[in-house]
Amino acid sequence: MNIKKWIVSPLNKDRARQIEKEMCYPYFLALLLEIRGFHTKEQMNVLFNDAKSYADPFLLKDMDLAVDRIYRAIENFEKICVYGDYDVDGVTATAMLYSYLESCGANVMFYIPLREQEGYGLNLEALEHLRSQDVQLIVTVDNGIGSVSESEYAGKLGMEVIITDHHRPRDVLPNAVAVVDPHRIDCAYPFKDLSGVGVAFKLIAALEGESQDMTTLLENYADFLTIGTIGDIVSLTGENRSFVKEGLPLLSRSDRVGICALLEKAHMQSKELSSVNVAFTIVPRLNASGRIGASDRAVRLLLCEDPQEAEQLAEDICHDNDMRRQIEADVTVKALELIYNETERMYERIIVVEGKDWHHGVIGIVASRITEMFGKPSLVISYTGDQAKGSGRSVEGFSLFDAVCHCAPLLTKFGGHPMAAGLSLPTENIHAFRKRINEFAASLPMGMPPQTVHLDCKLKPEALSLDMPKQIAYLEPFGTDHPVPVFGLYGMELKEIIPIGGGNHLRLRLEREHHTVQCLKFRTTVQTFPYQLGNMLDLAVTLETNIYRNIETLSVFVQDIKLSEQNEDQLILEQHVYEKMKRGESLTKEEMVQLEPNRDEFAALYRFLRDNNGWQHHILLLLQRIQLPTFTFAKLLLALDVLEEQKLIVKQQEGSICRISLKPVHNKVDLFHSPLFRQLNALRKDG
């Protein structure tokens with residue numbers, strides 16, 4: 001179960017009023033600017049892109065070497081290969097650099113490795129193939145920083161390599177003509193958060209030299225920049241924000257045949273595009289090409305000039321996306337079965353699951369699902385024979401890349417950044433890897449941080465208005481480090497639950513002080529919604545304008561829900577104590593007090609379950625309904641384990657819902673002589 005910490009941003013209303021007065025902005029917009037830290041006219045000009053500035057591309061270390069070598073290759077008509085990656089960042093970077101070099105008259109080709117067969121980055125078989133194609137210069141985009149041995153091998157084959165990447169370097173850089181990566185410790189480039197397509201664009205700008213016209217370059221390539229930057233979930237600040245702001249209008253009126261075909265298949269043609277709907281329509285479809293099918297199709301679609309070919313490619317890619325969804329759902333079910341059948345995995349600090357022949361194209365998405373469900377970093381590993389590949393996702397404040405680096409002796413290949421990582425390893429090392437990465441997490445003095453819900457501010461239901469989303473729109477585009485504003489509606493009483501969309505979504509009617517709010521909760525059924533009518537709830541919501549038959553209405557979308565007046569810090573602490581016990585770690589005296597239920601608490605729990613014919617709602621709601629001040633969350637979790645162990649109940653946890661049914665009782669049971677209590681006493685002695 002994932003208990004998130006809700007954090008409301010600090011707000012200085014006097015400063016918001018000052019912004020309103022000095023800048024002549026509406027008050028709600030001024031409020032958001034104050035909350036987001038935009039307090040000066042200069043900061044607001046940067047936000048609203050009134051003052052665009054792009055750093056000199058030659059500040060990137062080795063950029064001069066890269067430019068000189070590419071100039072020479074173009075002049076001598078050497079065969080150049082743009083070597084990309086199969087995700088949307090790599091695909092857009094490949095299409096962009098290939099398109100530019102072709103316009104310069106270069107002898108250029110592109111290569112995208114197959115995810116399943118070749119994996120991420122340079123590989124030996126691909127290098128041999130490129131040598132057979134008479135390639136003399138390889139330019140990587142969105143990969144290569146970790147390809148130390150592969151770069152050496154390319155040299156032995158008589159090819160030179162230029163690396164352009166944005167992933168974190170290791171201690172040893174590849175031996176290449178140039179290694180262009182803003183994360184190099186000796187790189188002076190001021191903006192470190194470029195995507196792979198962003199670095200490739202800076203290479204194009206550098207190739208243009210002193211004659212570069214940034215306006216023309218952005219008109220030509222900002223659409224590619226926008227898709228790749230949004231898709232790679234890099235910080236949408238600084239230059240990235242400028243790229244996306246330039247590119248979104250170009251996407252909405254794109255004249256690229258391939259992009260138009262994809263937008264039509266995604267039912268987005270002629271619609272005004274935002275960073276949010278690009279992330280949910282274009283990005284997953286282009287990613288699906290690399291996850292399921294032939295990875296180069298997405299590049300061919302982006303470069304396509306034949307409408308019939310573009311239509312077929314777009315249709316194939318959308319079909320791949322549908323297949324990806326089904327495969328992802330199947331692997332998620334298998335991963336969760338493993339977690340629930342081997343519950344010790346659930347209580348580890350980092351959840352590691354592995355399965356035979358799980359599709360490599362979806363394991364990263366499945367890791368995201370597991371992290372969201374359990375609130376912990378997770379790694380999903382697929383093995384075939386003696387080789388395995390994994391992909392992981394993290395929580396804010398824990399560097400998964402550092403954790404994976406700690407396990408380097410067990411791995412054959414790895415890379416990534418704090419929030420995500422990929423790796424390869426021998427199948428026989430999976431168990432040792434799982435143990436070692438959790439030992440690393442246990443060694444950190446601050447423990448594992450919880451997932452968080454960041455609220456811009458609380459809103460009163462009576463304050464909601466149709467004008468709010470219009471003012472929010474001024475802050476677009478939204479993305480990492482500049483997310484869509486989320487607001488808190490606190491102390492709302494749940495009055496009605498209405499299934500919509502064939503029962504796959506819910507409309508919730510809530511009320512506070514006679515003010516009613518209708519909210520939409522997507523991808524939630526009545527059966528999986530954990531709350532009851534009459535519950536007092538806090539909601540994290542986003543606001544949008546809905547237009548239907550030329551009539552505008554306010555739409556309120558629920559992003560998260562919790563019980564009102566819930567003390568998340570205490571609940572998270574108690575859950576950690578319970579999981580510590582489940583891992584068999586020593587407990588302090590204070591932790592024992594939090595964890596060990598007494599006879600009266602057991603009796604109150606069992607009596608409540610008996611009187612209510614079991615339970616099938618939120619587990620924290622069960623704790624609330626028992627109404628015993630001393631009955632902590634940790635005690636409830638342990639008490640339910642003991643009752644189940646003694647065959648008094650059957651318990652099934654599904655997300656936040658705890659389904660409990662009672663079993664017939666034939667004999668008197670002494671709960672305090674259960675194996676779980678013996679384990680607890682052993683931990684107390686050890687402590």
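This report concerns the structure included in the present document. Keep in mind that this is a model prediction, so the values were computed, not measured.

Observations regarding the overall build of the chain
- Along the chain, the regular secondary structure elements total 25 helices and 21 strands.
- For the C-alpha atoms alone, the extent of the chain along its principal axes is close to 90 × 65 × 45 Å.
- The 687 residues of the chain split such that 54% are buried.
- Surface summary for the chain: the accessible area is close to 30700 Å², and the carbon and sulfur share equals 49%.

A short note on the sheet that holds strand 5 (residues 160–164)
- On the basis of which strands lie adjacent, the open sheet formed by 5 strands has the order 3-2-4-5-6 and parallel pairing. One side of each edge strand has no neighbouring strand; the edge strands of this open sheet are strand 3 (107–111) and strand 6 (178–180). Neighbouring strand axes in the sheet, compared pairwise and without regard to direction, differ in orientation by 20° on average.
- Pairing geometry for strand 2 (residues 79–83) and strand 3, over 5 bridges, is parallel. Bridged to Lys79 within strand 3 is Asn107.

Digging into the pairing of strand 2
- Across the 5 residues that make up strand 2, a large majority, 5, are buried.
- Here strand 2 shows two buried faces, one formed by Lys79, Cys81 and Tyr83 and the other by Ile80 and Val82.
- Note that strand 2 and strand 4 (residues 137–141) share 4 bridges and pair parallel. Among the inter-strand pairings, Tyr83 is bridged to a residue of strand 4, identified as Thr140.

Focus on the sheet that holds strand 7 (residues 351–356)
- If you walk across this open sheet you meet the 5 strands as 7-8-9-11-10, and the pairing is mixed. Across the chains shown, the open sheet's two edge strands, defined by having one partner strand only, are strand 7 and strand 10 (413–417). Averaged over all neighbouring strand pairs, the angle between strand axes comes to 15°, with direction disregarded.
- When strand 8 (residues 378–384) meets strand 9 (residues 387–393), the two strands line up antiparallel, connected through 7 bridges. Paired with Leu379 across the strands is Gly392, a residue of strand 9.
- Contacts from helix 16 (residues 363–374) reach strand 7, strand 8 and strand 9 within the one sheet, and its direction differs from that of strand 9 by about 45°.

Section: the pattern of salt bridges
- Evaluated as defined, the whole model comprises 36 salt bridges.
- Here Asp186 ties to Arg184 by a salt bridge, and the two come within 2.8 Å at their closest N and O atoms.
- Classification of Arg184 by relative accessible area gives buried; the value is 9%.
- A salt bridge links Arg369 to Glu328; its shortest N-O distance comes to 2.8 Å. Placement of the pair is Arg369 in helix 16 and Glu328 in helix 15 (residues 307–341), with a sequence separation of 41 residues.
- Linked through salt bridges whose partners overlap, the residues forming this network are Lys582, Asp641, Glu644 and Lys651.

So, the pairing of strand 10
- Of the two faces of strand 10, only one is covered, namely that formed by Phe414 and Gly416; the face formed by Lys413, Gly415 and His417 stays uncovered.
- Pairing geometry for strand 10 and strand 11 (residues 420–426), over 5 bridges, is antiparallel. Paired with Gly415 across the strands is Gly422, a residue of strand 11.
- If you look at the hairpin formed by strand 10 and strand 11, you'll find 2 residues sitting between the two strands.

Observations concerning the side chain of Glu239
- Structurally, Glu239 is set in helix 10 (residues 238–252).
- The exposure class assigned to Glu239 is buried, which follows from its relative accessible area of 5%.
- Side chain to side chain, Glu239 and Lys202 meet in a polar contact 3.3 Å long.
- With residues up to four places along the chain from it excluded, the contact list for Glu239 reads Ser53, Tyr54, Ala55, Tyr189, Phe191, Leu194 and Lys202.

Thoughts on the environment of Lys376
- Assignment of secondary structure puts Lys376 in the loop between helix 16 and strand 8.
- Once the C-alpha coordinates of Lys376 and Ile351 are considered, the two residues, 25 residues apart in sequence, prove to be 6.9 Å apart.
- At 2.7 Å, the side chain of Lys376 and the backbone oxygen of Met346 are in polar contact.
- A distance of 2.8 Å separates a polar atom in the side chain of Lys376 from the backbone oxygen of Glu348.

Concerning the packing of helix 9 (residues 214–231) against helix 13 (residues 282–292)
- Taken N-terminus to C-terminus, the directions of helix 9 and helix 13 make an angle of 85°; their axes are 10 Å apart at the nearest point. Relative to helix 13, helix 9 is oriented roughly perpendicular. Mapping the contact onto sequence places Ile227, Ile230 and Gly231 in helix 9 and Ile282, Val283 and Leu286 in helix 13.
- In terms of residue class, the contact of helix 9 with helix 13 is made up of 5 nonpolar, 1 polar and no charged.

Conventions adopted
- Sequence order as written defines the numbering, with residues in each chain counted from 1.
- For a predicted model such as this one, the threshold for reporting local features is a pLDDT of at least 70, and the threshold for listing and counting side-chain atom pairs is 80 or more; totals across whole chains, interfaces and linings nevertheless cover every residue.
- Note: side-chain values were computed over all heavy atoms of the structure, leaving out hydrogens and water.
- Each helix corresponds to a stretch of at least 4 residues labelled H or I by DSSP, and each strand to a stretch of at least 2 residues labelled E; elements are numbered beginning at the N terminus.
- Throughout this description, buried means an accessible area under 20% of the type-specific maximum (1.4 Å probe, protein chains only), exposed means over 50%, and partly exposed covers the range between.
- Surface accessibility follows the Shrake-Rupley procedure with a 1.4 Å probe radius. Residue values consider only the protein chains on display as shielding.
- Strand pairing is defined by DSSP finding a minimum of two bridges between the two strands.
- For helices, the fitted line uses only the C-alpha atoms of the stretch in contact; every axis is such a line through C-alpha atoms, and the angle between N-to-C directions lies from 0 to 180 degrees.
- Note on contacts: a residue pair qualifies if any of its non-hydrogen atoms lie within 4.5 Å across the two residues.
- Any carboxyl oxygen of Asp or Glu that lies within 4 Å of a side-chain nitrogen of Lys or Arg is treated as forming a salt bridge with it.
- Counting of polar contacts relies on pairs of N or O atoms within 3.5 Å, with two restrictions inside protein: one atom must be capable of donating a hydrogen and the other of accepting it, and residues adjacent in sequence are counted only when both atoms are side-chain atoms.
- Each angle receives one of four descriptions, namely roughly parallel if under 35 degrees, roughly antiparallel if over 145, roughly perpendicular if within 65 to 115, and oblique otherwise.
- Three classes are used, and their members are as follows: Ala, Val, Leu, Ile, Met, Phe, Trp, Tyr, Cys and Pro are nonpolar, Asp, Glu, Lys and Arg are charged, and the others, Gly among them, are polar.

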